[in-house]
Amino acid sequence: MQQVRIEIGGDRLWGRLDGDRVITDDGREFAAADVGWLAPVAPSKIIAVHLTYRSRLLEYAVARMPAQPSYFIKPPSTLNGHLRAVRRPAGTRFLNYEGELAVVVGKRMHGVAQRDVLDHVYGFAPANDVGLHDFRHADRGAMLRVKGQDGFLPIGPAVVTTDQWRPDDGYTLRTRLNGELVQEADADDLIWDYRYQLADLCRLITLEPGDVILTGTPAHSRPMEPGDVVEVEISGMPALRNHVEEWDVDLSGPGEQPEVSANTLHVALAIAEDEAERIAAEGRQS
């Protein structure tokens, strides 16, 4: 099944995608082209991984490969739907796309062995783990300002259930910006796959049905501009598509402010750390 959640005529409805039609749980049927798409998940929590693709670690030229994955949490208010706008706050520059495979938990997980993880998964979906790296200096590993803003997690258009699709059979993840291929990786690029990540997490954190785990992004995450269209495609699933808009929200006030730090340049543009430090220092002096 391809689970969806739609908005039409003021109603918000769960249903399934069947070709170019959406059939809702209450039996109504709509053309897919006529509906508004909502995130097809309702998690109690969203957990994302920092670095888990070899290509991205090589791109950053890390001195030492991490021994284990590390994680951060995105609030449910980051959820966004297919064909909806991703908003870049006014006065910021480094709003990056990150195409990812999302895992949706189906059964409560605590202390589940790696070999049994798939039995506890409901399904999978394409996702875009959007990050605003103008706040990279402020968040460090927590990522709340960078990754936690409203609408910073488009996901969908559908969650494909495990009876129809599973990553164990192999897949390719592709991200396109304005039609140009900008990210591409297969499962062999992953250091730790979804089974490892979920088994690791549920040793310490109980994962509830509906929870979403974002399994990481490959190399070549780069900034988006207002007017851009970004698509995340995973072979065998409907593709996720969004457009970028300027957002006139006022980010001034208490707390950290956007800044073009060395860490911003290193992460958002994959500039070597010493070169990023030099560019940032020149910017501070000018």
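Reference entry: report on the structure contained in this document.

Calculation rules
Residues numbered from 1 in each chain as written. Predicted model: local features only at pLDDT ≥ 70, side-chain atom pairs only at ≥ 80, totals over all residues. Heavy atoms only, no water. Helix = DSSP H or I, 4+ residues; strand = E, 2+ residues; numbered from the N terminus. Buried < 20%, exposed > 50% of the residue type's maximum accessible area, 1.4 Å probe, protein only. Pairing = 2+ DSSP bridges. Axes fitted to C-alpha atoms, helices over the stretch in contact; angles between N-to-C directions. Phe/Tyr/Trp six-rings, centres within 6.5 Å; stacked < 30°, edge-to-face > 60°. Patch = residues over 30% accessible without salt bridge, like charges linked within 9 Å, V, L, I, M, F, W, Y side chains within 5 Å. Areas by Shrake-Rupley, 256 points an atom, 1.4 Å probe, with all protein chains shown as cover. Salt bridge = Lys/Arg side-chain N within 4 Å of Asp/Glu carboxyl O. Contact = heavy atoms within 4.5 Å. Polar contact = N/O pair within 3.5 Å; in protein donor to acceptor, adjacent residues only side chain to side chain.

Glancing now at unusual backbone geometry. The phi torsion of most residues other than glycine is negative, and most of the peptide bonds are trans. Geometrically, the link from Gly156 to Pro157 is a cis peptide bond, its omega value of 10 degrees lying close to zero. You can see Pro157 is positioned in the loop between strand S14 (153-154) and strand S15 (159-161). The residue Met143 is not glycine, and still its phi comes out positive at about 70 degrees. Examined against the element boundaries, Met143 turns out to sit in the loop between helix H2 (136-139) and helix H3 (144-147). Judged by its relative accessible area of 2%, Met143 is buried. For Asn178, which is not glycine, the phi torsion reads 55 degrees and is therefore positive. Tracing the sequence through the fold places Asn178 in the loop between strand S16 (172-177) and strand S17 (180-186). You can call Asn178 partly exposed: its relative accessible area is 47%.

Turning to the sheet that holds S17, a few remarks are in order. Reading across the sheet, the 5 strands line up as S9-S21-S20-S16-S17 and stay open at both edges, with mixed pairing between neighbours. Bordering the open sheet on either side are strand S9 (85-89) and S17, each of which pairs with just one other strand. On average, each strand axis in the sheet is inclined to that of its neighbour by 20 degrees, with strand direction left out of account. Bridge count for S16 against S17 is 6 bridges, and the pairing is antiparallel. Looking at the pairing, Leu177 lines up with Glu180 of S17.

Inspection of every chain in the model, using the stated rule, returns 4 aromatic pairs. Geometrically, the ring pair formed by Trp192 and Tyr196 is tilted, given 6.4 Å between the ring centres and 35 degrees between the ring planes. Of the residues examined, Tyr196 reaches a relative accessible area of 23% and is grouped as partly exposed. Cluster of aromatic residues (ring-pair linked, three or more members): Phe124, Trp165, Tyr171 and Tyr194.

Let us look at the pairing of strand S21 (residues 240-247). Sheet topology note: the S9/S21 ladder contains 5 bridges and is parallel. If you follow Ala85 over to S21, its bridge partner there is His243.

Glancing now at a nonpolar patch on the surface. Judged by side-chain polarity, Leu58, Val62 and Met65 come together as a nonpolar surface patch covering roughly 270 Å² of accessible area. With respect to the element layout, Leu58 can be found in helix H1 (residues 54-59). When its relative accessible area of 61% is taken as the criterion, Leu58 is described as exposed.

On to helix H4 (residues 194-201). In terms of burial, H4 is largely enclosed, as 6 of its 8 residues are buried. Along H4, the residues that are buried comprise Tyr194, Gln197, Leu198, Ala199, Asp200 and Leu201. Tucked inside the fold, the buried residues of H4 contact strand S6 (46-49), strand S7 (71-74), strand S11 (99-105), strand S12 (121-128) and strand S18 (212-214).

To continue, consider the sheet that holds strand S10 (residues 95-96). Read across the open sheet, the 3 strands follow the order S13-S10-S19; overall the sheet is antiparallel. What marks the edges here is a single partner per strand, and that holds for strand S13 (131-132) and strand S19 (223-224).

Right, let's get into the side chain of Asn96. Secondary-structure assignment places Asn96 in strand S10. Here Asn96 falls in the buried class, since its relative accessible area comes to 0%. Among the polar contacts listed, one links the side chain of Asn96 to the backbone oxygen of Ala268, at a separation of 3.0 Å. Not counting residues within four places of it along the chain, the set of residues in contact with Asn96 comprises Asp129, Val130, Gly131, His133, Ser221, Arg222, Pro223, Met224, Val267 and Ala268.

Scanning the entire structure with this criterion turns up 23 salt bridges. Of the charged contacts in the structure, one is a salt bridge between Arg174 and Glu184, with a shortest N-O distance of 2.9 Å. Pair noted here: Arg174 is in strand S16 and Glu184 is in strand S17, with a separation of 10 residues, a long-range link. Among the charged side chains, a network of salt bridges with common partners joins Arg56, Lys74, Glu98, Asp129 and Lys147.

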